[in-house]
Amino acid sequence: MKIENLISQIRQKKSFLCVGLDTDLDKIPKHLLQEDDPIFAFNKAIIDATHSFCVAYKPNIAFYEAYGLKGWKSLERTMEYLNQNHPEIFTIADAKRGDIGNTSTRYAKAFFETLNFDSITIAPYMGKDSVEPFLDFEDKHTILLALTSNQGAFDFQTKIVGEEELFKEVLKVSKTYQNTDRLMYVVGATKASYLAEIRKIVPQSFFLVPGVGAQGGSLEEVCQYGITENVGLLVNSSRGILYASNGEDYMQAAAEQAKKLQEKMEVELKRIGFLS
Ligand SMILES: O=c1ccn([C@@H]2O[C@H](COP(=O)(O)O)[C@@H](O)[C@H]2O)c(=O)[nH]1
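Residues numbered from 1 in each chain as written. Predicted model: local features only at pLDDT ≥ 70, side-chain atom pairs only at ≥ 80, totals over all residues.

**Q** Where do I start with the overall build of the protein in this structure?
**A** Broken down by element type, the protein carries 12 helices and 10 strands. Its C-alpha atoms give the protein a radius of gyration of 18 Å, within 12% of the compact-globule value 19 Å for 276 residues. Judged by the C-alpha coordinates and their principal axes, the protein covers about 55 × 45 × 35 Å. Expressed as a percentage of the 276 residues in the protein, the buried residues total 47%. Restricting to contacts in the protein with at least 6 residues of sequence separation, those with at least 24 account for 71%. (Helix = DSSP H or I, 4+ residues; strand = E, 2+ residues; numbered from the N terminus. Rg over C-alpha atoms; globule rule 2.2 N^0.38 Å. Buried ≥ 20, exposed ≤ 12 C-beta atoms within 10 Å, placed from the backbone. Contact = placed C-beta atoms within 7 Å.)

**Q** Help me understand the UniProt feature "domain: Orotidine 5'-phosphate decarboxylase" (unreviewed entry) in the protein, please; the structure alone is not making it clear to me.
**A** The positions UniProt marks with the feature "domain: Orotidine 5'-phosphate decarboxylase" (unreviewed entry) are residues 16–254. Across residues 16–254 one finds 39% helix and 19% strand; the C-alpha atoms that close the span lie 16 Å apart. (UniProt positions renumbered as here; feature names shortened; annotations may be inferred.)

**Q** In this structure, what is going on with unusual backbone geometry? I would like to understand it.
**A** Glycine aside, a negative phi is what most residues show, and trans is what most peptide bonds show. In this structure, Lys96 takes a positive phi of about 50° despite not being glycine. With 16 C-beta atoms packed within 10 Å, Lys96 lands in the partly exposed category. Not every positive phi belongs to a glycine, and Asn116 is a case in point at roughly 60°. Residue classification places Asn116 among the partly exposed positions, given that 16 C-beta atoms sit within 10 Å.

**Q** What is the right way to look at the site of the ligand in this model?
**A** Taken together, 19 residues lie near the ligand, and Asn60, Thr148, Pro210, Ser238 and Arg239 sit nearest. When contributions to the shell around the ligand are tallied by element, the ones reaching two or more residues are strand E10 (233–237) and helix H11 (239–242). Residues belonging to the shell around the ligand are distributed by class as follows: 3 nonpolar, 13 polar and 3 charged. (Near = placed C-beta within 6 Å. Nonpolar A, V, L, I, M, F, W, Y, C, P; charged D, E, K, R; others polar.)

**Q** How do you make sense of the environment of Leu115 when you look at a structure like this?
**A** Within the secondary structure, Leu115 is located in the loop between helix H5 (101–114) and strand E4 (119–122). Dropping the residues within four chain positions of it, Leu115 is found in contact with Glu76, Met79, Ala93 and Ala110.

**Q** Before we go on, may I ask you to explain the pairing of E10 in this structure?
**A** Consecutive residues of a regular strand have side chains that alternate between opposite faces of the sheet. In terms of residue burial, E10 counts as a mostly covered element, since 5 of its 5 residues are buried. Where burial is concerned, the two faces of E10 agree: the one with Leu233, Val235 and Ser237 and the one with Leu234 and Asn236 are both buried. The sheet contact formed by strand E1 (residues 17–21) and E10 spans 3 bridges and is parallel. Across the sheet, Leu17 pairs through a bridge with Val235, a residue of E10. (Pairing = 2+ DSSP bridges.)

**Q** Mind showing me how you'd approach the pairing of E1 here?
**A** The element E1 is largely enclosed, with a buried count of 5 among its 5 residues. Across the two faces of E1 the burial is the same, with Leu17, Val19 and Leu21 and Cys18 and Gly20 all buried. In the sheet, E1 pairs with strand E2 (residues 56–59) via 4 bridges, with the strands oriented parallel. Residue pairing for E2: Gly20 is matched across the bridge by Lys58. The handedness of the E1 to E2 crossover, carried by helix H2 (residues 38–50), is right-handed. (Right-handed = clockwise from strand over helix to strand, strands pointing away.)

The following block contains the structure:
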């Protein structure tokens, strides 16, 4: 997908919400466990309930790999459903891959070609030749982990390396890679106070921002420091939407949570003049 199409969808839906599809058989409503493919049945219901409030879906691959071949099949069916019914919606494989060049190329083919995701999350630790194979793919996006939402982010990412924090070095060095227009970054909502400094380094890039809802990050703070004239944000919520209820009313409860976030986003989009 081209960035212009993502931006025009944000304008149309008045939303920059990404719904995380972290589907856990221990948490979904019990009656769905009778289905042939409960993971797909749950994902389909969540997509049907939330698609008008969000611009992106982010299956976290761990939740599918955990169930082996069956989980992978559910992921394939989810992607087929999205590509056939909502091709305008941006898809993110939250896979956090990255390896030596020829291996990265195979990961890129798996997620961009076989599964037809628009983007994938990548760990930057192995450097340029582990990231650039993903950047070779036209209209596909590589989302580099910059400053993650978890507590462990302080173990390495904020440590001073040379003159500044490691995450800043990641951002600066990544700007020297080829096809940087295909780069986005992960910045945790729980680290919103860092966003102003991050924006100085990458003023135009899109950020995937996990950590609102269950992890306690604030949407308003993320917008205060991170929003750009073209929005530049995809704010994710997974558990807060998926498991708003585990009863028969789970679709309605998920839709309500997604709508609440969309309405807050609309306020922010109006505040910056992106929407009139
Ligand atoms: O820094 C990061 C990077 C990725 N994630 C992932 O996002 C979702 C968050 O789920 P919630 O239920 O909304 O907390 C999940 O898939 C994480 O693995 C992140 O949280 N932080």
